[in-house]
Amino acid sequence: MPASASSAPPPPTHSRREDLIGRLSSSSSEAKLKALRDLKNQIIGNRTKKLCFLKLGAVPSVTSILSSSSATAAAAAAGSVCSGNDVELNDSLIIQSAAAIGSFACGFDDGVKAVLDAGAFPLLLRLISYPNDKVVGAAARSLKFIYQSKLAPRYDFLQRNNMEFIQSLLNSENENVTGLGASIITHSCWTSMEQKALSDAGIIKKLTCMLGGSVTQKDASLESLATILKGNPEVIAKFTEPENGGALGTVTELTKDKNARTRLLACICLIVIKNSAPSCLQDLRIKTKLILILLELLDDDQVGDEAPFALSSLIAEKEDLQVLAFEANVIDKLVNHLRKAPVLSRRLEGILIALANMCSRLERCRDRLLSLEAMKFVTDALSQDSGEVRAAACVCLKNVSRSVKNLSAGLFMNESFVAPLVQLLFDDLTFVQVSALDAISNIVVDFLAHKTMFMKCGGVKQLVQLSKSMDVTIRVKAVCALRNLTFLVSDKCKEEILSELTQLTLRSLICDPEACVQEQALALVRNLVDGPLDSIQHVFAEDALLLHAVGQQLQSASKAEVLIQGMYVFTNVASGNEVHKEAVMQELFPPLANECESIMSKFLHSDDSRLRTAAVWALVNLTFPSSSGAFGRVMKLRNAGIVSQLKNMVNDPCLDLRVRTALGQSVTSGDGST
Amino acid sequence: MPVRVVETSSALSQPSGGTSGNTLPSVCTLLSVGQAFSGTQNVSSQQKDEAWRVNVRIQGCDLDHGYLCGTMEALNVPMADTPVVTFWEGEIVDTKNYTFFTGKWGATSEDDIKHWTKFPSFSPLLSQVDVDGGKSLDLNNYPYIFMRWKEQYFVNVGTDCGLTIAGFYYVCFSSSDGSINGFYYDPNSSPFQKLELKSTNEGRLGFSFSSYELQ
């Protein structure tokens, strides 16, 4: 009969883990030490197990061991009698508990939070001055992991004692300790004042020395150097001066290191230098070399995800670098990576952002990307699970569609682009919505009169919804998209846009509390009343609700961009018939405001030549020679002091010549008539 | 047959192309995005007199890069059933991005001078252009804007439509009256085909301006 106690099933996993937690509180030091080792072995590199033990309260138990063992050590140092074996066992407890804490913190923010909450951080920091080098190494290693998280406390370099502490860390013979010093800098150096303080304290020199050390030291040093140099030409100048032992040359050499991560970090360091102090890296060969190294690193398993981001920071907003990258076939190589399906999220995001940067300015880059038929990868990415990837695809599409040549060919106004983009307007993530709005803003410019396709996909309805968002960025971008959609659009489309938007909503957008929204809303109205003469009627609907709103905004706004758009609305309306022109006169010169300086007079005096030009175009239309009421309006303008003001402006060099000529005619016709 | 233009390092299409649609300082508001022109192109040959009606619309403008682009619609083209629309890109002779010397599209400096001198407004500049292509001239306040317009593709018909866009236009825009004159240059077409355009206001008693802003 098979029936004995030994055949009982093993305890379930959960109770085994609880048992381990229980052993951490054992009265026997040996049992505790074994439990710590078991715990450390179980959680190392295993996120799921880290989370399990975290929930079971392992971190406070381990911290408690670290705390009591540290106290025992301190007592021994103060003269308590301990045997050599006791000291060794106690040190082992410290080392193992510090290591377990480090494992919890390594690459796991929930673990870092638990470690900080349990109070382990100051205990570890104190151990840095412990006499046993192994203890110091274990504590430093754990602190380094904590400092790799954004949750770690920020270190204040501006306090003198703190700077001395950093110096002492970097002076250490212990590699973990110097690594800790570098990690603290990478984590905590944010401001140019901190960068300068670190540079003045000779930290750069110490970090430069570390560049000749082990792989860990090189990498830690390169990361810290990039942090201290970033955006600070003054510190960069100090770093690159010959007295600094040819540090720049050493970093440049490290771009050829056999370790991929070192090569990447050296490239990032040089990019940081190049971006803030271009004169330091003028050699074309270095720039090309950086591009080639980063392309090569794209293939690396360890750093391949980060390489395209580094490439982006090298080429972003810099046409000369984009030309070099284009000549180095960057677009083809990035697209080849996209063809190697499946590309994981982080890498896909990086490649899309790099392609977006390549296409931000140069038409030839956009042409190349399109000729490689790579846009299908971009449209696929619009519906990826990762929000970052969706946003990156939108940015790429936005930059490719900056090409008027391709917009004019109607390349983007088709369902494969428009349908997923409209869907992204409903995205849960705001940053994805913002990116989608940017791409849509460009695509709807479409010169081929295919704008109805965007409407059929439900785009207008959602843009109108977003124009009512509480988030000002979403609101302004939604209105901008509607403005671009209204550019040279058919009357039928204008009707549709307005029926969705309504006069009341448009009026509230013109009067929005944010000037940037007002500007876009007025530009939208300006487009609305452009085109066939009948379009002007849109601002006269509902008792000229929109026309009055524009007038009110011109009376009260102060930002030139808002006033310019408002004046062009009036210019366009004033290009209509007599009723239209008279209505504009009423808005510009309200009957009850005779005593005050008119807005027209103010705008003609403006320092901004664009506003002066807009105002004069309105006057050109109001006094258009073939309009029957021109003479009466010239008289009114004369009485308001505008004509004499105009006479002084005839030689305004900032006004374009056509306006000056027309002005001359108006003024002359007025003169001749009196 | 359409021939694609060889891109030079500065022939760029910029995001600000649209932004400059009346929101950035403009050489001339009538040359900003959305503006329309209409007129004729004389295509007479030795055999017969002929002129096509032409509409032009400015679609993009990037003054920093001396770039302008738009569409050109030829209305009564004998071989075509519908109006033929082409997309063109323009180089503004601003002496910074571009000089009077074309240096491409098969045009020699002699061809350039021969065409530019067809514009009376060019004569005061001739002597300096002879020296350096006009590099040292300051054309900022000159009442005329000189350009080259090169058609890049057919928008609404195939390349088998029997028409060619192999050549390019020497263009002169008058800032004072908004008119455009041009001469088509293509060694394989009738020489000096004249383009004459005037700013249109679509039935309005005045001028109207629209704008867009690329992100």
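In this text, all values refer to a predicted model and were calculated from it rather than measured experimentally. (Residues numbered from 1 in each chain as written. Chains lettered and ligands numbered in written order. Predicted model: local features only at pLDDT ≥ 70, side-chain atom pairs only at ≥ 80, totals over all residues.)

Turning our attention to the overall build of chain B. Broken down by element type, chain B carries three helices and eight strands. The proportion of buried residues among the 215 residues of chain B is 47%. (Helix = DSSP H or I, 4+ residues; strand = E, 2+ residues; numbered from the N terminus. Buried ≥ 20, exposed ≤ 12 C-beta atoms within 10 Å, placed from the backbone.)

Moving on, we get to helix H8 (residues 133–147) of chain A. It helps to recall that an α-helix has 3.6 residues per turn; residues three or four apart then point in one direction. Along its 15 residues, H8 of chain A runs 21 Å from first to last C-alpha, staying within 8% of the 21 Å computed at 1.5 Å per residue. When you tally the buried positions in H8 of chain A, you get 13 out of 15 residues, the bulk of the element. (Expected span 1.5 Å × (residues − 1).)

Residues and elements named next belong to chain B. For chain B, per-residue confidence averages 83 on the pLDDT scale, and residues scoring 70 or more make up 87% of the total. Within the model, pLDDT remains below 50 along residues 1–26, and this stretch shows 76 contacts once partners closer than five positions in the same chain are excluded. Among the scores for the predicted complex, ipTM is 0.84 and pTM is 0.85. (pLDDT = per-residue confidence, 0-100. Contact = placed C-beta atoms within 7 Å.)

On to the packing of helix H11 (residues 192–200) of chain A against helix H14 (residues 233–240) of chain A, then. Residue and element names in this part refer to chain A. Closest axis-to-axis distance for the H11/H14 pair is 9 Å, and the angle between their directions is 20°. Classified by the angle between their axes, H11 and H14 sit roughly parallel to one another. Once H11 is placed against H14, the crossing between them reads as left-handed. Of H14, the residues touching H11 (which contributes Gln195, Lys196 and Ser199) are Glu234, Val235 and Lys238. Its residues assigned to classes, the contact of H11 with H14 comprises one nonpolar, two polar and three charged. (Axes fitted to C-alpha atoms, helices over the stretch in contact; angles between N-to-C directions. Parallel < 35°, antiparallel > 145°, perpendicular 65-115°, else oblique. Left-handed = near helix turned anticlockwise from the far one by under 90°. Nonpolar A, V, L, I, M, F, W, Y, C, P; charged D, E, K, R; others polar.)

On to the interface of chain B and chain A, then. On the side of chain A, 51 residues touch chain B, which itself brings 46 residues to the contact. Mapped onto the side of chain B that touches chain A, the elements with two or more residues apiece are helix H1 (16–19), strand S2 (51–62), strand S3 (67–74), strand S4 (84–92) and strand S5 (144–154) of chain B. Taken together, the residues of the side of chain B that touches chain A sort by class into 16 nonpolar, 25 polar and five charged.

It is worth spelling out the pairing of strand S8 (residues 193–199) of chain B at this point. Along any regular strand the residues' side chains alternate between the sheet's two faces. Residue and element names in this part refer to chain B. Burial along S8 is one-sided: the residues Gln193, Leu195, Leu197 and Ser199 are buried and none of Lys194, Glu196 and Lys198 is. Alignment of strand S1 (residues 36–42) against S8, held across five bridges, turns out to be antiparallel. Across the sheet, the residue bridging to Gln41 is Leu195, located in S8. (Pairing = 2+ DSSP bridges.)

This part takes up the sheet that holds strand S7 (residues 180–185) of chain B. Residue and element names in this part refer to chain B. One closed barrel holds the eight strands; their spatial order is S1-S2-S3-S4-S5-S6-S7-S8, and the pairing between them is antiparallel. Each neighbouring strand pair of the sheet contributes to a mean axis angle of 30°, computed without reference to strand direction. Looking at chain direction, S1 and S2 are connected through seven bridges and run antiparallel. Within S2, the position partnered with Ala36 by the bridge is Arg57.

As a further point, take helix H38 (residues 609–622) of chain A. For H38 of chain A, spanning 14 residues, the distance from its first C-alpha to its last is 20 Å, which sits close to the expected 20 Å at 1.5 Å a residue. The buried count for H38 of chain A comes to 13 of 14 residues, which makes it a mostly enclosed element.

Here we come to the environment of Ser499 of chain A. With respect to the helices and strands, the residue Ser499 of chain A is situated in helix H31 (residues 491–501). For the pair Ser499 of chain A and Ile44 of chain A, spaced 455 residues apart in sequence, the C-alpha to C-alpha distance is 62 Å.

What follows deals with the packing of helix H12 (residues 203–210) of chain A against helix H13 (residues 215–229) of chain A. Residues and elements named next belong to chain A. Where H12 contacts H13, the two axes come as close as 8 Å, and the packing angle between them is 150°. In this view, H12 runs roughly antiparallel relative to H13, as classed from their interaxial angle. Like other packed secondary-structure pairs, H12 and H13 cross with a definite hand, here left-handed. Here Ile204, Leu207 and Met210 of H12 lie close against H13, whose contacting residues are Gln217, Lys218, Ala220, Ser221, Ser224, Leu225 and Ile228. Among the residues making up the contact of H12 with H13, the classes are represented as six nonpolar, three polar and one charged.

With that settled, consider unusual backbone geometry. For Thr502 of chain A, which is not glycine, the phi dihedral falls at a positive 70°. Secondary-structure assignment places Thr502 of chain A in the loop between H31 and helix H32 (503–510). One non-glycine residue, Thr95 of chain B, lies in positive phi territory at about 65°. Among the secondary structure elements, Thr95 of chain B is positioned in the loop between S4 and helix H2 (109–116). Since 21 C-beta atoms lie within 10 Å of it, Thr95 of chain B is described here as buried.

Moving on to the nonpolar core. Residues and elements named next belong to chain A. With 261 residues, the main nonpolar core has Val115, Cys269, Leu352, Leu355 and Val525 as its most contacted residues. Among the elements that line this core, the one with the most residues is helix H16 (residues 260–276), at ten residues. Summarising the domain contributions, this core has at least three residues from each of domain 1 (12–75 + 84–147) and domain 2 (547–674). With near-sequence residues (within four places) excluded, Cys269 lies in contact with Leu222, Leu225, Ala226 and Val251. (Core = buried A, V, L, I, M, F, W, Y, C linked by C-beta atoms within 7 Å. Domains from an automatic or database assignment.)

Among the secondary structure elements, Phe168 of chain B is positioned in strand S6 (residues 168–174). In sequence terms Phe168 of chain B and Asp138 of chain B are 30 residues apart; their C-alpha atoms lie 25 Å from each other.

Time to look at the confidence of the model for chain A. Chain-level pLDDT for chain A is 90 on average; 93% of the residues reach the 70-or-more range. Segment residues 1–6 of chain A is flagged for pLDDT under 50; beyond a separation of four residues in sequence, or across chains, it makes one contact in the model.

Okay, the pairing of S6 of chain B next. Residues and elements named next belong to chain B. When you tally the buried positions in S6, you get seven out of seven residues, the bulk of the element. On S6, burial covers both faces: Phe168, Tyr170, Cys172 and Ser174 on one face and Tyr169, Val171 and Phe173 on the other are all buried. Of the strand pairs in this sheet, S5 and S6 are connected by six bridges, and their pairing is antiparallel. In the sheet register, Arg148 faces S6, and the bridge partner there is Tyr170. Where S6 and S7 come together, six bridges link them in antiparallel fashion. If you follow Cys172 over to S7, its bridge partner there is Asn181.

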